[in-house]
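Here is how the chains run, residue by residue.
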Amino acid sequence: MPIDKFITLESPCVPLPIENVDTDQIIPARFLKATTRDGFGDNLFCDWRYDKNGDPKADFVLNDPTYSGQILVAGKNFGSGSSREHAAWAIGGYGFKAVVSSFFADIFKNNALNNGILPVQISDAFLEQIFEAVEADPKTIIKIDLENQTISLPAKNISESFDINPYKKKCMINGYDDIDYLFSIKNEIEAWEAKNSN
Amino acid sequence: MAGKTLFDKIWEKHVVNIVEGGPSVLYIDRHLIHEVTSPQAFAGLKERGIKVGRPEKTVATPDHNIPTMEQHLPIHDELSRYQVNKLKENCEANGVQMYGLTHPYNGIVHVIGPELGLTRPGMTIVCGDSHTSTHGAFGSIAFGIGTSEVEMVLATQCLMQSRPKTMRINVDGELHKGVTSKDIILYIIAQISTGGATGYFVEFAGSAIRSLSMEARMTICNMSIEMGARGGMIAPDEITFEYVKDREFAPKGQDWEKAVAEWRQLPSDADAVFDKELHFKAEDIEPMITYGTNPGMGIGISANIPKVEDIDKSSQNSFKKSLQYMGYNQDEPMIGKKVDYVFVGSCTNGRIEDLRSFAAFVKGKKKADNITAWIVPGSKQVEKQAIEEGLRDILEEAGFFLRQPGCSACLAMNDDKIPEGQYAVSTSNRNFEGRQGPGARTLLASPLTAAATALSGVITDPRTML
């Protein structure tokens, strides 16, 4: 699927200061029966967000009108567990364009990038500063600049740089996906097969 | 120059191309698919106007959504039925072999790959399922992928992957009686945490690993994802070759001899260097059980739940939240706690050896009345073998019932769900909140601990009943 281009993003955030948020929390397995990529945002964090009657739980951050924005900021080791890409579809479907944490599980990171959602991995200390700033002022703006690989809180005048694979960065900025690239090297793949078929 | 690791040897052979400053294009030998993570990938191919490029390298089986009773009837859940039918439709349209619900080769994707000889040393194997790491037990590079990646493999038989770092985890010594490979992996995860191997591909080595059967090795590699590892692997040896030999799709005759000669070259060289190396002693491991809501929250069964003050300050809130969900307090013993369900099965512990050890333990005894037990074989072949070996009879005499194969209560996608607030001792792989059903409370353990608990009705150390 062609992905949305990501260059810079300035937005307030939704803070989720919980560690080890696994993909079963992001989207429980019972919602994985769909055969399209649409509609998962409605069930993002379903069991934290709604009670068993389907009513919103007032104490969960997505139900708190104080917080909004296109950036989800979460505790360390975000996205562990199942490889379900539905987790990335749910996050994207809800309207998040970036997830910020001090540590990401590998498969989630790949799935996010393949869907135009930027995982921004920062230090524990900077993550703590974001949580504190947002607690003090829920409208705190976070600025993510992919070209320069920086994330900053302009109001606090603090920033940090983050890593991203140069190829993936190019894909995000241009909206390319891996299949476009793989098709472009069809001859090399066939040559590998010819050499290794026995 | 330092020697090469098992991982290096397989990875380097499969690199088609390296993008400058970026990932490698990795050729995939075996692609396994199931009903849940493939429909959007097939839809993507359709939108691009293309078909599966190398259909003979992909094999499909429905496993996640299916009921484990009355499989000859149409699936009554409409969405599940639609998804399973979609898999069939997609496979037929693309010439992909599928082992459907009543086929003798149907089963959990990570059980049927090895038992059919589709999984072999030296291969690259992927599946849209994180427990694909199971297949690494054969000395292959096997890892879980997302649906966009499933689409890439269907389209081009290749994936773009950054080369992970390598880690070797050595477990030396002899296991105590009543301690199984499930306990080894739960112990390691408890030591290094659920993110302890993130970014790494892990090779398990050492005398305690070498002495394990193939099925026990699969249990260990299966759960390597639960410590964040990209995958786990074990060097192939005589035990591996013996297991693979004569399986349906294993090479035969001269091809077999040639394959084994190649596989003997795969183990890590003596002077190979890993980015990280850890050592554990088999004698330090006792039967393990989890008390919290991630697989790293495990303790020896005779220990008490940790105290809040002993947890890292930054993790204390998550720890408290977890205990609250479980309905437990800090510093409590696990032994003797109330249990409602026992689940034996899944890609972690749903193989014939697991059923054998459970059956041997409960033989001639009776299931506790307060326990609802679900004993679920990992595949049709495991089910058949369990019946032929008389295990089903033993189970039935002890008050248990052998269900039909599937992922079952591991993930609450099918009918087998643990009710809200109830406790399940489970041989599966994840104890996340709601994993086995909304509000369900999961205690991960080995088939032996599950057996001891099923008989006594409360959490029980299997060593006291051996």
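Here, every reference points to the structure presented above.
Every value quoted in this text rests on a predicted model; they were computed, and no experiment measured them.

Caption draft 1: Examining the overall build of chain A more closely. Tallying secondary structure elements over chain A gives eight helices and eight strands in all. The globule rule puts the C-alpha radius of gyration for 198 residues at 16 Å, and the 18 Å found for chain A is close to it. Overall, chain A is about 60 × 45 × 25 Å in size when its C-alpha atoms are taken along their principal axes. Across chain A, contacts joining residues at least 24 apart in sequence account for 66% of those joining residues at least 6 apart. On chain A, roughly 8,300 Å² of surface is accessible, and the fraction owed to carbon and sulfur atoms is 47%. Put simply, chain A has 19 plus and 29 minus side-chain charges, and the middle of one group is 3 Å from the middle of the other.

Caption draft 2: Here's a closer look at the overall build of chain B. When you go through chain B residue by residue, the secondary structure sums to 16 helices and 18 strands. In terms of overall size, chain B behaves like a compact globule, its C-alpha atoms giving a radius of gyration of 21 Å where 466 residues would be expected to give roughly 23 Å. Projected onto the principal axes, the alpha-carbon positions of chain B cover approximately 55 × 55 × 45 Å. Per-residue burial for chain B yields a buried fraction of 68% across its 466 residues. A total of about 15,900 Å² of accessible surface is found on chain B, and carbon and sulfur atoms cover 48% of it. Separation of charge centres in chain B, based on 49 positive and 58 negative side chains, amounts to 1 Å.

Caption draft 3: Inspection of the pattern of salt bridges at higher detail. What the rule picks out here adds up to 34 salt bridges over all chains. Across the pair B:Glu151 and B:Arg48 runs a salt bridge whose closest N-O atoms are separated by 2.9 Å. Placement of the pair is B:Glu151 in helix H5 (residues 147–156) and B:Arg48 in helix H2 (residues 39–48), with a sequence separation of 103 residues. Classification of B:Arg48 as partly exposed rests on a relative accessible area of 27%. One salt bridge connects B:Glu286 with B:Arg463, and the closest N-O pair in it is separated by 2.5 Å. Separated by 177 residues along the polypeptide, B:Glu286 in the loop between strand E12 (276–281) and strand E13 (288–290) and B:Arg463 in the segment after helix H16 (447–456) bring together distant segments of the chain. A relative accessible area of 30% places B:Arg463 in the partly exposed class. Linked by salt bridges that have partners in common, A:Arg37, A:Glu85, A:Asp177, A:Asp180, B:Arg48 and B:Glu151 make up one network.

Caption draft 4: Summary view of the interface of chain A and chain B. Counting residues at the interface gives 56 residues for chain A, matched by 66 residues for chain B. When the two sides are added together, the surface that chain A and chain B hide from each other amounts to roughly 4,900 Å², 54% of it contributed by carbon and sulfur. Looking only at chain A, the three residues that lose the most surface to chain B are A:Lys33, A:Thr35 and A:Trp192, adding up to 16% of its buried area. With a closest N to O distance of 3.2 Å, A:Lys52 and B:Glu420 form a salt bridge. Breaking the side of chain A that touches chain B down by element, the ones donating at least two residues are helix H1 (23–26), helix H2 (46–49), helix H3 (86–94), helix H4 (106–113), helix H6 (166–174), helix H7 (178–184) and helix H8 (186–196) of chain A. Residue classes in the side of chain A that touches chain B are distributed as 21 nonpolar, 17 polar and 18 charged.

Caption draft 5: How the structure looks around the nonpolar core. A:Phe45, A:Phe78, A:Leu118 and A:Ile144 are the most contacted members of the largest nonpolar core, which totals 110 residues. Leaving out residues up to four positions away in the same chain, A:Ile144 has contacts with A:Phe6, A:Ile7, A:Thr8, A:Leu9, A:Ile71, A:Ala98, A:Val100, A:Leu118, A:Val120, A:Thr150, A:Ile151 and A:Phe162. Residues B:Met152, B:Ala197, B:Ile220 and B:Cys221 belong to the second largest nonpolar core, which totals 87 residues.

Caption draft 6: Just the sheet that holds strand E18 (residues 441–444) of chain B, in detail. Residues and elements named next belong to chain B. Pairing in this open sheet of four strands is parallel, and the strands run E16-E15-E17-E18 from one edge to the other. Of all the strands in the sheet, just strand E16 (372–375) and E18 have a single pairing partner and so form its edges. Between one strand axis and the next, the sheet turns through 20° on average, direction left out of account. Across four bridges, strand E17 (residues 423–426) lies against E18 in parallel orientation. For Ser426, the partnering residue across the bridge sits in E18 and is Leu444.

Caption draft 7: Spatial organisation of the sheet that holds strand E11 (residues 231–233) of chain B. Residues and elements named next belong to chain B. Across the sheet, four strands lie side by side as E11-E10-E9-E12; this open sheet has parallel pairing. Among the strands making up the open sheet, the edge pair consists of E11 and E12. Averaged over all adjacent pairs, the angle separating strand axes in this sheet is 20°, with direction ignored. Of the pairings in the sheet, the one linking strand E9 (residues 165–172) to E12 comprises six bridges and is parallel in character.

Caption draft 8: A look at a negative patch on the surface. A cluster of like negative charges, contributed by A:Asp124, A:Glu128, A:Glu132 and A:Glu135, occupies part of the molecular surface. Along the chain, the position of A:Asp124 falls in helix H5 (residues 124–136).

Caption draft 9: Structural view of the pairing of strand E7 (residues 141–144) of chain B. All names here are of chain B. Burial of E7 is two-sided: the residues Ile141 and Phe143 facing one way and the residues Ala142 and Gly144 facing the other way are all buried. Where strand E6 (residues 124–127) lies against E7, four bridges are found, and the strand directions are parallel. Paired with Thr124 across the bridge in E7 is Ile141.

Caption draft 10: Summary view of the pairing of strand E7 (residues 150–153) of chain A. Residue and element names in this part refer to chain A. Sheet analysis places strand E6 (residues 142–145) next to E7, joined by three bridges and oriented antiparallel. Bridge assignment links Ile144 to a residue of E7, and that residue is Ile151. In the sheet, E7 pairs with strand E8 (residues 158–161) via four bridges, with the strands oriented antiparallel. Across the sheet, residue Ser152 finds its bridge partner in E8, namely Ser159.

Caption draft 11: Representation of the packing of helix H13 (residues 352–362) of chain B against helix H14 (residues 380–388) of chain B in the model. Residue and element names in this part refer to chain B. At a minimum axis separation of 9 Å, H13 and H14 run at an interaxial angle of 35°. The two elements H13 and H14 cross, and the hand of that crossing is right-handed. Contact residues: Ile352, Leu355 and Arg356 in H13; Val382, Gln385 and Ala386 in H14. A per-class count over the contact of H13 with H14 returns four nonpolar, one polar and one charged.

Caption draft 12: Structural view of the environment of B:Gly296. Residues and elements named next belong to chain B. With respect to the helices and strands, the residue Gly296 is situated in the loop between E13 and strand E14 (298–300). Looking at Gly296, the relative accessible area reads 16%, which means it is buried. Between the C-alpha atoms of Gly296 and Ile188, which are 108 residues apart in sequence, the distance is 8.5 Å. When sequence neighbours within four positions are dropped, the list of residues in contact with Gly296 reads Ile189, Ala190 and Thr194.

Caption draft 13: Quick peek at the packing of aromatic side chains. All names here are of chain B. Following the criterion strictly, the structure yields 22 aromatic pairs over all chains and no others. Considering the side-chain rings of Trp256 and Trp263, the 5.5 Å spacing of their centres and the 85° angle between planes classify their relative orientation as edge-to-face. Neither residue differs from the other here; Trp256 and Trp263 are each classed as buried. On the numbers, 6.2 Å between centres and 70° between planes, the contact of Tyr291 with Phe319 is edge-to-face.

Caption draft 14: View of the state of the cysteines. Residue and element names in this part refer to chain B. Here the structure, examined in full by the defined rule, presents zero disulfides over all chains. No disulfide involves Cys221; its nearest neighbouring cysteine sulfur is the one of Cys347, lying 12 Å away. Residue class for Cys221 comes out buried when judged on its relative accessible area of 0%.

How each quantity is defined
Residues numbered from 1 in each chain as written. Chains lettered and ligands numbered in written order. Predicted model: local features only at pLDDT ≥ 70, side-chain atom pairs only at ≥ 80, totals over all residues. Heavy atoms only, no water. Helix = DSSP H or I, 4+ residues; strand = E, 2+ residues; numbered from the N terminus. Rg over C-alpha atoms; globule rule 2.2 N^0.38 Å. Contact = heavy atoms within 4.5 Å. Areas by Shrake-Rupley, 256 points an atom, 1.4 Å probe, with all protein chains shown as cover. Lys, Arg positive; Asp, Glu negative; His and termini not counted. Charge placed at Lys NZ, Arg CZ, Asp CG, Glu CD. Buried < 20%, exposed > 50% of the residue type's maximum accessible area, 1.4 Å probe, protein only. Salt bridge = Lys/Arg side-chain N within 4 Å of Asp/Glu carboxyl O. Buried area = accessible area lost by both parts, 1.4 Å probe. Nonpolar A, V, L, I, M, F, W, Y, C, P; charged D, E, K, R; others polar. Core = buried A, V, L, I, M, F, W, Y, C linked by side-chain atoms within 4.5 Å. Pairing = 2+ DSSP bridges. Axes fitted to C-alpha atoms, helices over the stretch in contact; angles between N-to-C directions. Patch = residues over 30% accessible without salt bridge, like charges linked within 9 Å, V, L, I, M, F, W, Y side chains within 5 Å. Left-handed = near helix turned anticlockwise from the far one by under 90°. Phe/Tyr/Trp six-rings, centres within 6.5 Å; stacked < 30°, edge-to-face > 60°. Disulfide = S-S within 2.5 Å.

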